[in-house]
Amino acid sequence: MNEAEIRTIARRAMERRPQLVRLMRARLAVIVLGMMMAIALLARFTEWRLGSVFILVGAVSTSLVLAWNVVWVNTILFRITEDEIKHNAAHQE
């Protein structure tokens, strides 16, 4: 199977699971709101310059997104893609 086929199967698997799509959208909203709140709070209650605050918040949020994506791809996305492949194989027989 090539990468394009795997992406198609993963996309189809996500379409069949709208709760996971909602989870990904909620994750995005939480990250953006968390970044805005962190920037506002650090700028207000610390003596750091605004550029330093942005760098720190950006680094932390990037780390969180990367960690989330590693867990997401290696657990959730792998499982639903595997289930989708089994589902398609069962329907083709």
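Criteria and cut-off values
Residues numbered from 1 in each chain as written. Predicted model: local features only at pLDDT ≥ 70, side-chain atom pairs only at ≥ 80, totals over all residues. Heavy atoms only, no water. Helix = DSSP H or I, 4+ residues; strand = E, 2+ residues; numbered from the N terminus. Rg over C-alpha atoms; globule rule 2.2 N^0.38 Å. Buried < 20%, exposed > 50% of the residue type's maximum accessible area, 1.4 Å probe, protein only. Areas by Shrake-Rupley, 256 points an atom, 1.4 Å probe, with all protein chains shown as cover. Salt bridge = Lys/Arg side-chain N within 4 Å of Asp/Glu carboxyl O. Core = buried A, V, L, I, M, F, W, Y, C linked by side-chain atoms within 4.5 Å. Contact = heavy atoms within 4.5 Å. Expected span 1.5 Å × (residues − 1). Bend = angle between axes of the 7 residues up to and from the residue.

Trainee: Hey, could you go over the overall build of the protein chain for me, with residue numbers and the actual values?
Mentor: In terms of regular secondary structure, the protein chain is built from 3 helices and 0 strands. Helices and strands in the protein chain line up, N terminus first, as α-α-α. The C-alpha atoms of the protein chain give a radius of gyration of 19 Å, which is well past the 12 Å a tight globule of 93 residues would have. C-alpha atoms of the protein chain, sized along the principal axes, occupy 65 × 25 × 20 Å. Out of the 93 residues in the protein chain, the part that is buried amounts to 17%. Approximately 7,200 Å² of the protein chain is accessible, and the part contributed by carbon and sulfur atoms is 66%.

Trainee: If you had to explain the pattern of salt bridges to someone new, which residues and values would you point to?
Mentor: Tallied over the entire structure, the rule returns 3 salt bridges. Across the pair Glu3 and Arg7 runs a salt bridge, and its minimum N-O distance is 2.7 Å. Note that Glu3 and Arg7 are positioned in helix 1 (residues 3-15) at a spacing of 4 residues, about one turn of the helix. By relative accessible area, which is 53% here, Glu3 ends up exposed. The salt bridge partner of Arg12 is Glu84, with a shortest N-O separation of 3.8 Å. With a gap of 72 residues between them, Arg12 in helix 1 and Glu84 in helix 3 (residues 50-92) connect regions that are remote in the sequence.

Trainee: Could you give an account of the nonpolar core, with specific residues and numbers?
Mentor: By size, the foremost hydrophobic cluster in this structure holds 6 residues: Ala13, Met14, Leu20, Met24, Trp72 and Ile80. Elements supplying a minimum of two residues to this core: helix 1, helix 2 (18-45) and helix 3. When neighbours within four sequence positions are excluded, Met14 is seen to be in contact with Leu20, Val21, Met24, Trp72, Leu77 and Ile80.

Trainee: Tell me about helix 3, residues and numbers included.
Mentor: If you check helix 3, its first and last C-alpha atoms are 58 Å apart, about what 43 residues at 1.5 Å a residue would give, namely 63 Å. The sharpest bend along helix 3 measures roughly 40° and falls at Trp72. Within helix 3, burial applies to Val53, Val57, Ser61, Trp72, Ile80, Thr81 and Glu84. Against the buried residues of helix 3 lie helix 1 and helix 2.

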